[in-house]
Amino acid sequence: MIIKILGSGCKKCVTLGENAKAAAEAAGNDAQIIKVTDFAEIAAYGVISTPGLVVDEKVLSAGKVLTAEEIGRLL
């Protein structure tokens with residue numbers, strides 16, 4: 001599983017990354033977390049508001065910091 005965190009690297013983006021990692025571990029998934037900071041690549045996903053959460057190339061969230069529990073339900 002590949003999880004991408006889309007954003008500039010701000011506190012919200014970092015928190016979303018940490019929550020995604022925790023959710024993947026809790027679900028027993030061996031996930032690779034990738035931080036995407038290039039705005040052209042972020043825009044290519046159609047994400048206007050960051051942070052964005054992409055799992056296996058599917059945008060699951062944009063513009064909010066999901067908790068580990070919320071991410072776990074999406075996985």
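Reading the values: the criteria
Residues numbered from 1 in each chain as written. Predicted model: local features only at pLDDT ≥ 70, side-chain atom pairs only at ≥ 80, totals over all residues. Heavy atoms only, no water. Salt bridge = Lys/Arg side-chain N within 4 Å of Asp/Glu carboxyl O. Helix = DSSP H or I, 4+ residues; strand = E, 2+ residues; numbered from the N terminus. Core = buried A, V, L, I, M, F, W, Y, C linked by side-chain atoms within 4.5 Å. Buried < 20%, exposed > 50% of the residue type's maximum accessible area, 1.4 Å probe, protein only. Pairing = 2+ DSSP bridges. Axes fitted to C-alpha atoms, helices over the stretch in contact; angles between N-to-C directions. Contact = heavy atoms within 4.5 Å.

1. Side note on the pattern of salt bridges
With the rule as written, the count across this model stands at 1 salt bridge. In this structure, Glu57 and Lys4 form a salt bridge, with 2.8 Å as the shortest nitrogen-oxygen distance. Here Lys4 lies in strand S1 (residues 2–6) and Glu57 lies in the loop between strand S3 (52–55) and strand S4 (58–62), a separation of 53 residues in the sequence.

2. Comments concerning the nonpolar core
Most often, soluble globular proteins keep nonpolar side chains buried together rather than apart. Counting residues in each nonpolar core, the largest one holds 11 residues, listed as Ile3, Ile5, Cys13, Leu16, Ala20, Ala23, Ala24, Leu53, Val55, Leu66 and Ile71. Examining the composition of this core, we find that 5 residues originate from one element, helix H1 (residues 11–26), more than from any other. Val36, Ile42, Tyr45 and Val47 belong to the second largest nonpolar core, which has 6 residues in total.

3. Some details on the sheet that holds S3
Paired through their backbone hydrogen bonds, the strands of a sheet run either parallel or antiparallel. Across the sheet, which stays open at both edges, the 4 strands sit in the order S2-S1-S3-S4 with mixed pairing between neighbours. Either end of the sheet is taken by a strand with one partner, and the two such strands are strand S2 (32–36) and S4. Taken pair by pair, the neighbouring strands of this sheet meet at an average axis angle of 20 degrees, ignoring direction. In terms of strand pairing, S1 meets S2 through 5 bridges, oriented parallel. Across the sheet, the residue bridging to Leu6 is Val36, located in S2. Along the sheet, H1 contacts S1, S2 and S3; its crossing angle with S1, the most-contacted strand, is approximately 165 degrees.

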